[in-house]
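Residues per chain are reported as follows:
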Amino acid sequence: MTIGQRVAQKRKERGLSQEALGETLGVSRQSVYKWESDSALPEIDKLIALSKLFNVTVGWLLGVEEPASPGENREKTARPDGSENEPGELTETQLKMVEEIVDRYLAAQPSPKKRRWPWIAGAAAVLVLLWGFCSLQSQLRNDRFNMQSQYNNLQNTINNVTRSVDGQIEGITNRVEEVLKNQNNLTADYGTELISADLPANTVTFRAHATPKTYTEGMTALFVVDNGEEPAEVPGNLDGSQTFSAGLTCGLTDSINISVVFITGDVRETQLLETHYGLYGNSLPDAAWPESDFSMTWKELNAEGELKWSSAEDYAYLANVSAADSVNALIGRAEVKSLRVGLFRNHALLGWLEPCDRPDSYGSSYRNSHFYRFPDISVVPTETDEFRLCTVVVDEFGREFVYRGIPCVLDAERGELTMAKSGEIGRDDPDDWEY
């Protein structure tokens, strides 16, 4: 389970929308959506806030620690002043040990290199050591924030780490790269770099290099790029410093693994170098339904037990249809070529909506929204049906996808549609939909 899937799971358990979670954490709904779709990762302060809000450990969110068992004992510990820590709260002794860990980390750092490794990786490593050392298997209680001062102390300690690492914050995903680099047992050095992208051809090109820890005369290397569809192998070129390198081109997808295979005689040793996430999705245009759109919720059954939409009375609006800022400037983000809005039941089209002018019942605050008129539709729903408004988008390069909207289900007791308690919104494969 990825970090994004863990955040989405806990958000839904709390009954929070992406917008509500974003307001709680002081970020936008788009930021929460990017976390949950694994196209971006939360910063450290947001990870801490998420752990407190969801009553889980940071280690669990990062996927390095299992959740506490339901019956696990969560005892309080005593503070020096005689009061008690809440379950999961760090003691003074534990904080001192954390500071010692950080001091050892600083002492072990080599002189800063020209390469820009972000301080975030070191901070993430310290956090993982902290949570593993303290065995914080218990969950933090949502209504308790008395750990804030202790976390502030930890943040001050982490800030000392930043002074020993050259570079700027380049994104939380680089933490994973640094951890992998430290744990790597085959290479003395390695790296991958995104060089270019060809959106019309839907391809992306990388440059990769790897230096084996132990070089043997006659050793060769293969670089493998796997986009989940068709792996490709490219022979590495050896230079005078015993470093292998190669250019790699593959189809653009949301998960691309780059590995190196060192070959000595009949012995092949493989090392994963890096995984690039979300490149395909971040190149597609936005076409999102707002979570505040209630065009289907509270739709009542008529006397015949039908849900009936009328082209004269029922409207929906699409707040965001754009080529938003690209996450990666080398790849860019495509423009919308065509867009259709449809009403779906259980992934099957009931009817297409038609574009229309803004109705008089919507104020000027909706002047930048795109309005659509429902077709005349009558259906007899069941309690197992799921209704959604979805956008079917084709971008300027001919790539097609479905952006699924908010799911609604029948509340039989009230005799009306209501927002489903579960079900994600976001981009989807058109092969999973009938239209």
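Residues numbered from 1 in each chain as written. Predicted model: local features only at pLDDT ≥ 70, side-chain atom pairs only at ≥ 80, totals over all residues. Heavy atoms only, no water.

J.: Give a detailed account of the overall build of the protein chain, specifying residues and quantitative values.
T.: Counting secondary structure elements, the protein chain contains nine helices and 22 strands. Within the protein chain, the fraction of its 435 residues that count as buried is 45%. Of the contacts made within the protein chain by residues no fewer than 6 positions apart, 67% connect residues no fewer than 24 positions apart. Accessible surface computed for the protein chain: about 22,100 Å², of which carbon and sulfur atoms make up 45%. (Helix = DSSP H or I, 4+ residues; strand = E, 2+ residues; numbered from the N terminus. Buried < 20%, exposed > 50% of the residue type's maximum accessible area, 1.4 Å probe, protein only. Contact = heavy atoms within 4.5 Å. Areas by Shrake-Rupley, 256 points an atom, 1.4 Å probe, with all protein chains shown as cover.)

J.: Can you break down the sheet that holds strand S2 (residues 203-212) residue by residue, with the values?
T.: Reading across from one edge, S1-S2-S6-S5 is the order of the four strands in this open sheet, with antiparallel pairing throughout. The open sheet has two edge strands with one neighbour each: strand S1 (187-198) and strand S5 (237-238). Examined bridge by bridge, S1 and S2 share ten bridges and lie antiparallel to one another. Across the sheet, Tyr-190 pairs through a bridge with Ala-210, a residue of S2. (Pairing = 2+ DSSP bridges.)

J.: Tell me about the pairing of strand S16 (residues 370-373), residues and numbers included.
T.: As defined by bridge partners, strand S11 (residues 315-318) adjoins S16 across four bridges and the pair is classed as antiparallel. Within S16, the position partnered with Tyr-317 by the bridge is Phe-371.

J.: Account for the environment of Gly-415, with residues named and values stated.
T.: Structurally, Gly-415 is set in the loop between strand S20 (408-411) and strand S21 (416-419). The exposure class of Gly-415 is buried, given its relative accessible area of 16%. Counting along the chain gives 114 residues from Gly-415 to Leu-301, while the straight-line C-alpha distance between them is 5.6 Å.

J.: I'd like a rundown of helix H2 (residues 18-25), residues and numbers included.
T.: Count 3.6 residues to each turn of an α-helix, and residues three or four apart come out pointing the same way. All buried positions along H2 are accounted for by Gln-18, Leu-21, Gly-22 and Leu-25. Looking down the long axis of H2, one finds its buried residues gathered within 100° of arc, a one-sided arrangement. Those residues of H2 that are exposed and angled more than 90 degrees off the buried face are Glu-23 and Thr-24. Looking one or two residues past H2, Gly-26 carries a phi angle of roughly 75°, positive in sign. (Arc of directions from axis to C-beta.)

J.: Can you lay out the packing of H2 against helix H3 (residues 29-36) for me, pointing to particular residues and giving the numbers?
T.: Between H2 and H3, the least distance of the axes is 8 Å, while the angle of their chain directions is 110°. With respect to H3, the element H2 is oriented roughly perpendicular. Together, Gln-18, Glu-19, Leu-21, Gly-22 and Leu-25 of H2 and Arg-29, Val-32, Tyr-33, Trp-35 and Glu-36 of H3 make up the contact between the two elements. When the residues that make up the contact of H2 with H3 are grouped by side-chain class, the tally is five nonpolar, two polar and three charged. (Axes fitted to C-alpha atoms, helices over the stretch in contact; angles between N-to-C directions. Parallel < 35°, antiparallel > 145°, perpendicular 65-115°, else oblique. Nonpolar A, V, L, I, M, F, W, Y, C, P; charged D, E, K, R; others polar.)

J.: Just give me the short version of the pairing of strand S6 (residues 244-251), but keep the residues and values in it.
T.: Looking at chain direction, S2 and S6 are connected through eight bridges and run antiparallel. Each residue of the ladder has a partner; that of Ala-208, found in S6, is Ala-246. Hairpin geometry of S5 and S6 is characterised by an intervening segment of five residues between the two adjacent antiparallel strands and by a positive phi of about 60° at Gln-242.

J.: I'd like a description of the environment of Cys-408, backed by residues and values.
T.: Mapped onto the elements, Cys-408 comes out in strand S20. Excluding residues that lie within four positions of it along the chain, Cys-408 makes contacts with Met-296, Thr-297, Asp-385, Glu-386, Phe-387, Thr-418, Met-419 and Ala-420.

J.: Requested: an account of the side chain of Ser-283, with residues and values cited.
T.: For Ser-283, the position within the fold is in the loop between strand S8 (267-277) and strand S9 (286-288). Among the residues examined, Ser-283 registers a relative accessible area of 0% and is labelled buried. Discounting residues that sit within four places of it in the chain, Ser-283 has contacts with Leu-199, Leu-252, Ile-331, Gly-332, Arg-333, Ala-334 and Arg-399.

J.: Explain the sheet that holds strand S4 (residues 232-235) to me, and be specific about the residues and the numbers.
T.: Taken in spatial order, the four strands make up an open sheet running S4-S3-S7-S8, and their pairing is antiparallel. In the strand order of this sheet, the two ends are held by S4 and S8, each with one partner. Between one strand and the next, the sheet's axes are offset by a mean angle of 20°, whatever the strand orientation. Relative to strand S7 (residues 255-264), strand S3 (residues 220-226) runs antiparallel, the two being bridged by seven bridges. By the bridge assignment for S7, Phe-223 is matched with Val-260.

J.: Report on the packing of aromatic side chains, specifying residues and quantitative values.
T.: The final tally for this structure, using the stated rule, is eight aromatic pairs. Their ring planes at 85° and their centres at 5.2 Å tell us that Phe-344 and Trp-433 sit as a pair that is edge-to-face. With Phe-344 in strand S13 (residues 336-345) and Trp-433 in the segment after strand S22 (426-428), the pair connects residues that are 89 residues apart, well separated along the chain. Judged by its relative accessible area of 1%, Phe-344 falls in the buried class. Where Phe-344 meets Tyr-435, the ring centres are 6.3 Å apart and the plane angle is 85°; that geometry is what we call edge-to-face. Of the two residues, Phe-344 is situated in strand S13 and Tyr-435 in the segment after S22; the sequence distance between them amounts to 91 residues. Grouping aromatic residues by their ring pairs yields a cluster made of Phe-344, Trp-352, Trp-433 and Tyr-435. The ring of Trp-60 carries Arg-6 above its face, with NZ or CZ at 4.8 Å from the centroid. (Phe/Tyr/Trp six-rings, centres within 6.5 Å; stacked < 30°, edge-to-face > 60°. Lys NZ or Arg CZ within 6 Å of the ring centre and 35° of its normal.)

J.: A description of the pattern of salt bridges should follow, citing residues and the corresponding values.
T.: For the structure shown, the criterion picks out ten salt bridges. For Arg-404, the salt bridge is made with Asp-428, and the minimal N-O distance between the two is 3.5 Å. Of this pair, Arg-404 sits in strand S19 (residues 400-404) while Asp-428 sits in strand S22, placing them 24 residues apart in sequence. You'll find Arg-404 and Asp-428 in the same group, each marked buried. (Salt bridge = Lys/Arg side-chain N within 4 Å of Asp/Glu carboxyl O.)

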